[in-house]
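Residue-level structural notes
One-letter residues, chain by chain:
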Amino acid sequence: GSKIQPTLINYDILARELSRRGDRPAPHGVVFDEFSRCKTPTAERTKAAMWLAHAVAEEHDGFVIGMSGTPAPKDPCDWWSQAEILCPGFLREGSVGSLRQRLAIIEKVQLETHAFPKIVAWRKPEVELLNKRLQGLVQVTMAKDCQDLPELRREVVSLPPTPETMRAARLLAGTCVNAASALNKL
């Protein structure tokens, strides 16, 4: 006899619906499944989930639940957007960049003419404190090794093009209408 009509929607459709909202009211609650997909702050699905969660909270003081079977991410900065969707301002950081500055030990790396910041390690006490703080927001069961974060490694490998890759590149570039789409495909 409930008057609540649940609606199932995936993240891609949610991102599309964000632009077509109009004057429709927000739902009284939302449950995000596979919530680990909302860890990248700049992703359209994360922005759409954040918009929907904020609308639910502002218009109806409704419930917002995030569920995922995926374990806690190895990069603690991935927790920022998920926490920001569920409870804005809970981590006391305005952006993922601010959280990274607080949690990471960063050094400048000089590469020929450019210098860029590189995360060399995580501040373990700060990460543990973040984990304890998140326990107040979410029910998380973390394996002990999730707090032993691996060092980040990036490597550039340059290979000479083979005739087959050159032929494939010419074919891809020939099917494009402009340079931007050619670069994207390549």
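Residues numbered from 1 in each chain as written. Predicted model: local features only at pLDDT ≥ 70, side-chain atom pairs only at ≥ 80, totals over all residues. Heavy atoms only, no water.

A separate point is the overall build of the protein. Of regular secondary structure, the protein possesses seven helices and four strands. Shown N-terminal to C-terminal, the secondary structure of the protein runs as helices and strands in the order α-β-α-β-α-α-β-β-α-α-α. Looking at the protein as a whole, 26% of its 186 residues are labelled buried. Put simply, 58% of the contacts in the protein that link residues at least 6 apart link residues at least 24 apart. Of the accessible surface of the protein, which amounts to about 13300 Å², a share of 56% is contributed by carbon and sulfur atoms. (Helix = DSSP H or I, 4+ residues; strand = E, 2+ residues; numbered from the N terminus. Buried < 20%, exposed > 50% of the residue type's maximum accessible area, 1.4 Å probe, protein only. Contact = heavy atoms within 4.5 Å. Areas by Shrake-Rupley, 256 points an atom, 1.4 Å probe, with all protein chains shown as cover.)

Under the defined criterion, the tally for this structure stands at two aromatic pairs. For the ring pair tyrosine 11 and phenylalanine 32, a centre distance of 6.3 Å and an interplane angle of 10° mean the geometry is stacked. Of the two residues, tyrosine 11 sits in helix H1 (residues 11-19) while phenylalanine 32 sits in strand S1 (residues 29-32), which places them 21 residues apart along the sequence. What makes tyrosine 11 buried here is its relative accessible area of 8%. Where phenylalanine 32 meets phenylalanine 35, the ring centres are 5.7 Å apart and the plane angle is 25°; that geometry is what we call stacked. Accessibility classification places phenylalanine 32 together with phenylalanine 35 in one group, the buried group. Among the aromatic residues, those joined into a ring-pair cluster are Tyr11, Phe32 and Phe35. (Phe/Tyr/Trp six-rings, centres within 6.5 Å; stacked < 30°, edge-to-face > 60°.)

We classify phenylalanine 32 as buried; its relative accessible area is 4%. Placed 32 residues apart in sequence, phenylalanine 32 and valine 64 show a C-alpha to C-alpha distance of 7.8 Å.

Attention now goes to the pairing of strand S4 (residues 114-122). The pairing of strand S3 (residues 104-111) with S4 spans eight bridges and is antiparallel. Bridge pairing in S4 places isoleucine 105 opposite alanine 121. From the end of S3 to the start of S4, which pair antiparallel, there are two residues, and glutamate 112 there has a positive phi angle of about 50°. (Pairing = 2+ DSSP bridges.)

Our focus in this paragraph is the pairing of strand S2 (residues 63-66). On a regular strand, each side chain points to the face opposite its neighbour's, so the side chains alternate between the two faces of the sheet. Of the strand pairs in this sheet, S1 and S2 are connected by four bridges, and their pairing is parallel. Across the sheet, residue valine 31 finds its bridge partner in S2, namely isoleucine 65.

From the geometry alone we can't say anything about function, so treat these as descriptive.
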